Structures are given as C-alpha cells and as structure tokens.
Amino acid sequence: MDLQDKQVGMVLGSEDATPLQFWFAVAEGIKIQLDDIVTVEVPDPADNSLAVKFYGVVDEVRRRYEGIQFDGDTQLVVEGLMPANTTYAAHILVTRVEPEDFIPPGPGDLVYLAAGENLEKALYLDNMEAPLPAGVLRNGEAGYINFDFVSGQKGAHINISGISGIATKTSYALFLLYSLFRAKHLRTGKTLLNYPQVTKALIFNVKGEDLLFLDKANRRFAEEEGRWQEKRKLGKNRFEICDLPVGPFDSVALHAPALDGHNLMADVKSREGVDPYLWTLHEFATERMLPFVLTERDAMTNLGFLVSHVEEKLAKLAQKQRGPHLDVEEDDFELEPAAQALSERIGKEEALDPESFLTATAKPRLKTFDDLVSYLEYKLLLKDAAEEDGKSGGDKAWTANQAKATREAFIRRLRGAAKYVRRLIRGDLPAKTLARGRLDILNSEKQVHVVDIHQLAPLAQMFVVGVLLRRVFSNKENGMSGQVFVVLDELNKYAPAEGDSPIKDVLLDIAERGRSMEIILIGAQQTASEVERRVVGNAAIRIVGRLDAAEAERSEYRFMPGSFRLRSTILAPGTMIVHQPDVPSPMMLNFPYPAWATRQSEADETVSDEEAMDILS
Amino acid sequence: MRYALWKMYLRLDPWATEYNTAYHAEDVSNEAKANVDAYFERAAADWQAIKPQTPNSNWNELIFLDGSRRVEARVLLEDDKRQAAFGALGSYGVGAVSCCPERSRPARVLMADNLLVTERICALGSGQQLDNFSVKTQLASQLGEFHYRVISTAERDAEAVVRRLQTEMREAEKHLASRLLNLYPEALIICDGPRPYLGSEVNVIGYVKTIHEPRLGQRELDVVRRLNQGERSPIYLVKNSKKEQQYFEWFFRLRDPNPWLYSLAGMVRLQAYAGSEPESRLKEVQQLADWLAGQLPRFASRQHQDPRAPQQLLPIRALEAELSRRMGHPQIVRRRLTQFLSEQGG
C-alpha cells in the first residue's frame, strides 16, 4: 500500500457489492467527490494470505438521513425533535482488478484514496507505452491518453462531441494537438512522435478567424490560468502539471481562400502573413475534383455515372497540357460573350508573358470555372444539336449515352456550384502567380497548417475539405512519410449519417484506412448521432464535452456509464469526459486556458525588453 | 341538537388495531379510588382544566428513555418423559435520546458510556434453570454471536415467560435511568411507561401512553375528557402504604382530538415523584407540569408517522427503531436459533 494512500471508508454491507461496482461508506470527516480514485484490497475468501486489489473511480456520491421513514422526518431531525444518522456513501465503478479474480469486495473492506503508484495503476498508466498528457484530473494530477491509440499503433482517431460554444471542442482538439507535438515521454523524455520533423497537422478553421492566431502568445493566459491555480490552490498551472511548455504553436502556416482579382490576396481581415489558396483549372481536371463541386452524388444513378465519365474525360483532356488553363480543340465552340470578354481581357495581359504568348493559339481556351461549365454544356448538350428528340446533341464520346434530362441536370448543378467555387478554381492568372496559391501540406516545411474556410459557402467548404483531404490521402497512398493529424469540426456536415457524398467517402477512407496510412482524424461534431456511424465508430478515443440532455441519451454515448452521461449535460466549458479503449471508465479532464491566442484581442503584441534590445542592436 | 342527550355516537380510536387501545377502562375498586387524593392541587370546586402560561425554561436537556423487547422463539424445556416448563428466547434493548428544549442542538441517541444496551434472554417458567449459553456457528459468513442469559420465573403458564422478559427490560430501564441521573444531573429524564421507583429525584418523569383504571370520579373525568391541546388536569396524588412509593399524576392532552375520535384520544398520564412529604414537593411538580405542557406537544407524532400517534413521541419512535435494529433481524435470529437447536441434537 502506498504511503500516501489515505483510508476513506469501508465497503457498504447494505448494498450489493459486485466485482464491477460497489458502494462504500465514507468515513467521518472525509470528503469524497465524483471522479476520486480509490483502491480496495479484498482478501481471497479461499486463502487469506492472498488478496485481490480493486481500483475504481467514484461515479456517484450521496448523503441521506438513515433511520427516518418519511420525507417530513427530515424537518423533525433538523428541529432536533428526532435523532437520525447522516450517511455518506460513494459508488465506485471498478476500473481494474488485480489479479483478475472477479470476486465481490466484502462488506467492511477498507477503502483507500489512490495516490502515486496506485493512481497510475487505476488509470492504467503503467500499461501505456507512450502516455499523452490530455489534461488535469480532478485531484490535480495529469490525466493521460494512451498515445498508441492515437498514433495508429493500436488504434487511431479522436472524436469529440458537444454543444457548440459550451463544449469547447475545438479548443480541446487544439490542446491535444499541442500536446502531441510538445509532450515528452514520461520515462525517456523524448517526443512521442515517430518522425517529429515530418509530422503535420491540418486544421480547418470553420468559425471566425479564431484559429489564425495559433502562433501568437495569448496575453490573457497568465491571468486566466492564475485564476484557476488560485481557485485550486495549486502551485503549478495546467501546462506545468501536464509537463508541457507554455507557449503558442510553432511552425504554423496559415491559409485562406484567395480573393478575386489578379494579385492573389488571401481573404482575411484580422491577420497578416496568411497565404492564399486556390486550384488551377488544370489541377481541377487532372486531380479529378469534379465530384467535389457537386454536393450530393448518388453513385447508382445515371447522374453519378455521367459525373464519373466526364471526370475521366476532363482528366484525359488535361493530361497533355501544362495549365493552369485548359485548351480545347473545338471548331464551332465559342465562349459566351461575357465569358469571352473576360477571357480576352485576361488574354491580353497574358500576352506579356512570352511563354504563354508562344503557346497562345486560336484554340478556345478555358480560363475560368464558368468557361469550363460552358464547355461542358457544349459537349454534353449543344454540339450538333438539331433535332428535338432529346437524345441527340452533345458529343457522343462525352455524353455516355445518358438521357438529355440527366445531362441537363448535370449542367444545372454545375452552374449552381459555379458561383461558390469560381474564386477557388481559376486558370486566368499566370502559372507562377497561381503556383503561390497551391496548398501542398505534406511537402511544406511548416508543421501546423490552418486552412480557413469559415467565409466560404457550405458547398465551397465541402469542396476545399474534400479536395485537400483527398490530396493528403493520395500523397500518403503514394508513400509519403510522416503522420498527418487532421482537425475537422462539423463532421455531421461532411460525413452525415444519412446520404452519400464524395467527401464522406474520403472521410470514411480516412476513418477506416487512415490508421495504417498515418492519417489521424481529430473530428468533432455537435451530435455524434448525426454523423456516419463508421466515422465515429472508428475513433479509438471518444471525448464528450457538454451535451444536450436528449443527445446524451442516444446509443452513441453508451460508452459512458449512466452517471457520466448525466454529468455530460452539466459540464462546464473546459471540462471534458475522455474515454479510451484500454481504460474501462472514462476520465473527467480539465484542460488549460489556451497559451496561444484564439482571437485578435488575445494576440500578445507587447515586446519584451530583451526583444526590443535585439531589434535595436 | 335536541336529541343530543339521548343520542349515542360511534367514535374512532385512532391507534392501529394491532396495538390494542390506549384506553383500558376497567372497573376500579373503591379501594383503589380511595388511594387517590384527587384534590391535592385543586379543591373539588376548582377542579378545572389548567392552561399553563409559558414558564421560563428550567431544563436545558430533555432525555427520553425507552425499552423495547421481543420474543424471537418460544421454547419448551423437556426431556424424553415430560415437558418441564415453558420458555422464551428473546431480546430486549434500552436506550435514551437527548433533545434540546431550545432546539439549538440536534437530537441524538446516547451511545457513549454503554448507554445503549441490548441483551438476549432465555426466560424459563416453573422455576427451571439452565446455564447461560452462546449461539455461534463455524461459518465465516455468519457474523455475530448470540449470548443468552437464562432467567427464571416460578409461574407456570405460557405467558409468564414473556412477562418475565418484560420485567427484565423494566429493570434495565430503571438501571439506565439511574445511570442517566448520575451522568446528566441537569437533564429532565422522561421514561416511557410508569415512573420507575428510583428514589426522590424530581427530574425523572413517567410518561404513560395507556390509560388504565381511571381512578378519578366521574366529574373529574368529564373535565379530563374536555381538555384541549396543551392543557393539563390538576395534579392528584396516588397514595401508597409505602410512603416512599407515592407519586403525583396528571392528565395531559397532547393534541386536540378530532370530533370523530373518542374523547380520551391523544391523552397521556404523567407521573412524578411525591414521596412521603408530597406537600413540600407540590410547587416544584406544578412548575414541571406547566413546563412540560409547553414542550411535549412538539414531540408528539402525527397519524401518518406512527400507528400510536400522537402518544408515541418522535424521539421514542426513532429510538425504538434503533433498538430493534440493534437486536438484529428477527428472522435471521430465528433461523440461527433453529440451526443451533438442531445441532444440539436430542
């Protein structure tokens, strides 16, 4: 028995004690609260020289008057008219039994508060090859996630559920990410990552410009964290408890969608140094992005078939070209006047570029997404359209024998999508300019990439997320090394429980095969019940912040015992329930106030004396 | 109500039927009535209900004392040839609850100094005796060991052994009362049941829930029947040839009875020491009676709280539950006894 272990009570004899849960009477003058961790040593009934040790966590505490009969008796006891005993009992969920003899604890067996080695055993820390600090337990000690279940070694992916605004899902995901990059192994002192140099993080920023300040220190950190320390009367802040350095993220690259216009500026308001991103028309064709601009794809319908066919045709068309635009060989195809005017204007400027001047021909050239849509309309509907039988018209090689209505529906959808994605898919700028907008995360020197999509329309968001994830996925398929951690909120939008879409396919691929390919999804959503079951189900680590009461009752949250589900409806911001495969009972963790700025006002712009001296000298 | 003089009403006894009734009207011999000096406090003309004014509190601790007993098994002492005697295996417990008249402390069952006593008794009739014995088992799962003390009565009938057990409990109550007097000299001790013969201390009161043998005349009884809540009758003296055993007694209404209840419902008798010089003690007992009139209704139980409401006082109700808990679950005790007797052979 560890010296620090304090006796706190004895197993109750008036309630059933089972190997998996039991009640204990809390001793006089002892405070026991939810999440306290205890141990009980139970003598082997067959051989008193042996003992079975139980580790468990308090998931319910209660006090009541004992020996009274009616509700009204409480008043009588308080008035001193009647004697009664106050009982204080705590319910334990057993997390570990050693050795694995599942006998019930005996009434009267002594219960101790776990500390030190016992605490580590109760939380299975001794079994963790690589414990990842994941926050602070209620007793003020660090709580750990088994990194082997994050890294893909034994399992992968993290899933976080909770009400927006209160559950602090993104903040916690970022803390975990920070911990991933910065944590030191408890025993070896080395980083937990296998290839720290080539490990990347891809974070999608879906709300405000909140995540565009990750690389700046948070000026409110000291004050807010100090307040917590004061309340808990602790000498260390939560980063220190987790043995993590305090500071902003390192090696951060920020990306925002490119603005319209020729200068290729990033569409951000509050932050400088943000790279714009977009794709060229040529990439659009060669990398087969067409399905991602169509919100829904029904693979089994004719439309789905047509999309695949056109996608193939476009890829072939682009194969021999260099981009960024697409040249087409059609005699009677002309761009619509408006589109043409735009093309011409751009063409004139482009004429200054000798390379493009040389390649400039009389062939029609697709420079914008709208050009592409016009061209597809021509190929699918207008070419040689004479008869009105609904079947003729269009290039037979492109129409894939689909009915006119299907082809029209396809074009209609493309036109609908054009207004959202035209700024993201362009061929109207010089190749060099457009190359600046190329988002190539795996080949980048930076480690943490924040891709801002918050200003984009939902369809464009889907496009960006889908295309980026697929690019990462195919890069990894082609054998690029290093882990990629993807942080994506609003999974319910990208991989909804109902329906089918190309981006859902990508996410399913990541969920199901990402573990072996070292792509780790840190996904979040308000309601896990609205997300594709396989995406949530494949996450080894499940995390819950504040939940809606109705949501907490759904089967998706059955991994938590009832008392935790109930508590999830009253969690304060900053507190999470973390469940991992090799620890049977969830942990309640508190994570630190971010040391990085989460909005402009928090970005610390003050310059220290030393820094000032550096600059001056 | 023109016919009221002739009309008779059925009126309810509020106690649960298994407790019999609080009122045992028996024909009282003239001799017993002669033993009562009804006019000790008030003369016949002045024999009216007394509504005490709230007196200054002179007791800062109230201790309720009670005992509880039960028979867990009836036995017969016999050999191969004959049945020698009736017997009973039972338990009793006695204890006390301390309450604060000022309501500034919670009520508590007095546990320290072994003030809470339970004992297991084997009572035998017909003067038979046996050695004390223990009931224990070899099984580790059967916790606890019962030690039986054997006591005896010369009486021969089957109920005699139960009466003997009762006597034993009364003795234990008396013993407890005298210990309490030493330990808590400043407290007022209210014994559930008739006041034990303890000596001359004024601070031991008998609290009698049942009303046997009304020893007053019809006129006085009419006054008693019309007592309102918190009112008491004048104090009368119950005389005894042994002067030391003389005591005062008075009626007290704990709670207004509903009109459909019989007229003595919610009535108790209180007893206090009188001794050989009752005159010298009267004033003290009057003060006590007046003070208690202010205190006791607070402790009275209500119909839903106890089958013997309101006479069963709340602290006593809780104490009885505690005592019964300490005597053990009666069925477990009985099974253990069955097992024990079966292992005795014979």
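All residue numbers refer to position in the chain's written sequence, counted from 1. Here every chain gets a letter starting at A, and every ligand a number starting at 1, in the order they are written. Whole-chain, interface and lining totals are the exception, using all residues; otherwise, since this is a predicted model, local features are given only for residues with pLDDT of at least 70 and side-chain atom pairs are given and counted only at 80 or more. Values reported for side chains reflect all heavy atoms of the structure, with hydrogen atoms and water molecules removed beforehand.

(A) Geometry of the pairing of strand 9 (residues 188-192) of chain B. All names here are of chain B. Whether a residue is buried, partly exposed or exposed follows from its accessible area with a 1.4 Å probe, protein chains only, as a fraction of its type maximum: under 20%, in between, or over 50%, in that order. To qualify as a helix, a DSSP run of H or I must reach at least 4 residues; to qualify as a strand, a run of E must reach at least 2; elements of each kind are numbered from the N terminus. Counting buried positions along strand 9 yields 5 of 5 residues, so the element is predominantly enclosed. Here strand 9 shows no split at all, with L188, I190 and D192 on one side and I189 and C191 on the other all buried. Pairing between strands is defined by DSSP: at least two bridges between the two strands are required. Of the pairings in the sheet, the one linking strand 3 (residues 62-78) to strand 9 comprises 4 bridges and is parallel in character. Across the sheet, residue F64 finds its bridge partner in strand 9, namely I190. Judged from the 4 bridges that link them, strand 9 and strand 10 (residues 204-208) form a sheet pairing that is parallel. Following the sheet pairing, C191 is matched in strand 10 by G206.

(B) Main features of the packing of helix 11 (residues 369-382) of chain A against helix 13 (residues 404-421) of chain A. Residue and element names in this part refer to chain A. Between N-to-C directions, angles cover 0 to 180 degrees, with each direction set by a line fitted to C-alpha atoms, over the stretch in contact for helices. Interaxial distance between helix 11 and helix 13 falls to 10 Å at its minimum, and their mutual angle equals 175 degrees. When the axis of helix 11 is compared with that of helix 13, the two are roughly antiparallel. Contacts from F369, D370, V373, S374, L376, E377, L380 and L381 in helix 11 reach K404, R407, E408, F410, I411, L414, R415, A418 and V421 in helix 13. Under the grouping applied here, Gly and all other residues not named as nonpolar or charged are polar, the nonpolar ones being Ala, Val, Leu, Ile, Met, Phe, Trp, Tyr, Cys and Pro and the charged ones Asp, Glu, Lys and Arg. By residue class, the composition of the contact of helix 11 with helix 13 is 10 nonpolar, 1 polar and 6 charged. When an angle is under 35 degrees it counts as roughly parallel; over 145 it counts as roughly antiparallel; between 65 and 115 it counts as roughly perpendicular; any other value is oblique. Only heavy atoms matter for contacts: two residues are in contact if any of them lie within 4.5 Å across the pair.

(C) Focus on the packing of helix 13 of chain A against helix 15 (residues 458-477) of chain A. Residues and elements named next belong to chain A. At a minimum axis separation of 8 Å, helix 13 and helix 15 run at an interaxial angle of 80 degrees. As far as their axial angle goes, helix 15 and helix 13 are roughly perpendicular. Counting all contacts with helix 13, which are made through A417, Y420 and V421, the residues of helix 15 involved are L459, A460 and F463.

(D) Just the packing of aromatic side chains, in detail. Each Phe, Tyr or Trp ring, with Trp reduced to its six-membered ring, pairs with another whose centre is within 6.5 Å; inter-plane angles below 30 degrees give stacked pairs, above 60 give edge-to-face pairs, and intermediate values give tilted ones. Counted under the stated rule, the structure contains 20 aromatic pairs over all chains. A centroid spacing of 5.6 Å and a plane angle of 80 degrees characterise the contact between A:Y178 and A:F239, whose relative ring orientation is edge-to-face. One end of the pair, A:Y178, is in helix 4 (residues 169-182); the other, A:F239, is in helix 6 (residues 238-241), and 61 residues separate them in sequence. Across this residue pair, the class does not change: A:Y178 and A:F239 are buried. Between B:F133 and B:F340, the aromatic rings sit 5.8 Å apart at their centres with planes inclined by 5 degrees, giving stacked as the arrangement. Taken as a pair, B:F133 in strand 7 (residues 133-135) and B:F340 in helix 6 (residues 330-344) lie far apart in primary sequence, 207 residues in all. Since its relative accessible area comes to 13%, B:F340 is described here as buried.

(E) The arrangement of helix 4 (residues 278-299) of chain B in detail. The terminal C-alpha atoms of helix 4 of chain B, which comprises 22 residues, lie 29 Å apart, in line with the 32 Å expected from a rise of 1.5 Å per residue. Bending is quantified residue by residue as the angle between axes fitted to the seven-residue window ending at that residue and the seven-residue window starting at it. At B:A293, helix 4 of chain B shows its maximal bend, which comes to roughly 35 degrees, and the proline B:P297 appears one to four places after that position. In a helix, the anticipated span is given by 1.5 Å times the number of residues less one.

(F) Local environment of helix 8 (residues 302-319) of chain A. Over its 18 residues, helix 8 of chain A runs 26 Å from end to end, which matches the ideal 26 Å to within 8%, given 1.5 Å per residue. All buried positions along helix 8 of chain A are accounted for by A:L303, A:G304, A:L306, A:V307, A:V310, A:E311, A:L314, A:A315 and A:A318.

(G) Representation of the side chain of B:Q305. Topologically, B:Q305 is positioned in the loop between helix 4 and helix 5 (314-326). With a relative accessible area of 8%, B:Q305 lands in the buried category. In contact with B:Q305, other than residues within four places in its own chain, are A:Q69, A:F70, A:D73, A:L76, B:L314 and B:R317.

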